[in-house]
Amino acid sequence: MIDEYSDNKINTDDLKPLTSFLKRINHNRKNLGRSIGSGSSRIVWLLDNNKVIKLAKNKKGVAQNEVEVNTSDDYYIGDIFPKVFEYDKDGYNWIVSECCPRAKESDVLEITGLKYDSFAYLCRKLSAYYDNRQRRNYGLINDDEEEKLRNAAPMFYNYIVNYHPIINEIVSLRNLGVATRPEGKELVIIDCGLNEYVWREFYRKN
């Protein structure tokens, strides 16, 4: 149960009896004020410097929340995504997760030692190894390039190699964030809710 953070007050138990997306949205607006982000499927409110609540606006948002919860429980993925602290166990209508401010190009350089364009290019080139369609644009990654990415951004390297994600989503600057953790700053993927299933079910059809 999330009770109180800073000046924003919300008890997530109060969301459970609300039976529609609109009622839950209005509840959060009343208690949390202005959101810090909104897309086609979810609205995000800041709870404090460390946590946000992501509220589904529709079934697509519910599916994306479920993906984020399941991803956060995957030991092998590691900490490349914001940590999930609490979620709606009855329907994935909301999740409370780690607050990771959107990264700037200077953050990518500071954390990885690579300029953003180089970082994104190497990620796409590594991904192209597993996707013949991308090879026409990027060719095959060579050993030096692969080692460079592995050393600069090991979590991204491992995620691409082992999970073959939708690459444009994970390297887009708008979807990169900075997590401040005990070991220091980490470059993370802010929104991990878009996977192949969600893409097929809710995006490609449109």
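Nothing here was measured: the structure is a model prediction, and the numbers come from that model.

## Observations concerning the side chain of Asp 48
Turning to step 1, where the next piece is worked out: The topology assignment puts Asp 48 in the loop between strand E4 (42-46) and strand E5 (51-56).
Turning to step 2, where the next piece is worked out: Buried and unpaired, Asp 48 has no salt bridge, with Lys 51 as the nearest side chain of opposite charge at 5.0 Å.
Turning to step 3, where the next piece is worked out: Of note is the side chain of Asp 48, whose polar atom sits 2.7 Å from the backbone nitrogen of Asn 50.
Turning to step 4, where the next piece is worked out: A polar contact of 2.8 Å, which involves the side chain of Asp 48, links it to the backbone nitrogen of Lys 51.

## Points about helix H2 (residues 59-72)
Turning to step 1, where the next piece is worked out: An ideal rise of 1.5 Å per residue puts 20 Å on 14 residues; H2 measures up with 20 Å between its terminal C-alpha atoms.
Turning to step 2, where the next piece is worked out: In terms of burial, H2 is a largely internal element, 10 of the 14 residues being buried.
Turning to step 3, where the next piece is worked out: Measuring from the side-chain oxygen of the N-cap residue of H2 to the backbone nitrogen of Lys 60 gives 3.2 Å; that N-cap residue is Asn 58.

## So, the sheet that holds strand E3 (residues 37-38)
Each strand in a sheet pairs with another by means of backbone hydrogen bonds, the pair being arranged parallel or else antiparallel.
Turning to step 1, where the next piece is worked out: Taken in spatial order, the five strands of this open sheet run E3-E4-E5-E7-E6, and their pairing is antiparallel. The open sheet terminates on both sides in strands that have one partner only, identified here as E3 and strand E6 (84-87).
Turning to step 2, where the next piece is worked out: Of the strand pairs in this sheet, E4 and E5 are connected by five bridges, and their pairing is antiparallel. The partner of Trp 45 across the bridge, within E5, is Ile 53.
Turning to step 3, where the next piece is worked out: On top of the sheet, H2 reaches E4, E5, E6 and strand E7 (94-98); it is set at about 140 degrees to E5, its chief contact.

Conventions adopted
- Residues numbered from 1 in each chain as written.
- Predicted model: local features only at pLDDT ≥ 70, side-chain atom pairs only at ≥ 80, totals over all residues.
- Heavy atoms only, no water.
- Helix = DSSP H or I, 4+ residues; strand = E, 2+ residues; numbered from the N terminus.
- Buried < 20%, exposed > 50% of the residue type's maximum accessible area, 1.4 Å probe, protein only.
- Lys, Arg positive; Asp, Glu negative; His and termini not counted.
- Salt bridge = Lys/Arg side-chain N within 4 Å of Asp/Glu carboxyl O.
- Polar contact = N/O pair within 3.5 Å; in protein donor to acceptor, adjacent residues only side chain to side chain.
- Expected span 1.5 Å × (residues − 1).
- Pairing = 2+ DSSP bridges.
- Contact = heavy atoms within 4.5 Å.
- Axes fitted to C-alpha atoms, helices over the stretch in contact; angles between N-to-C directions.

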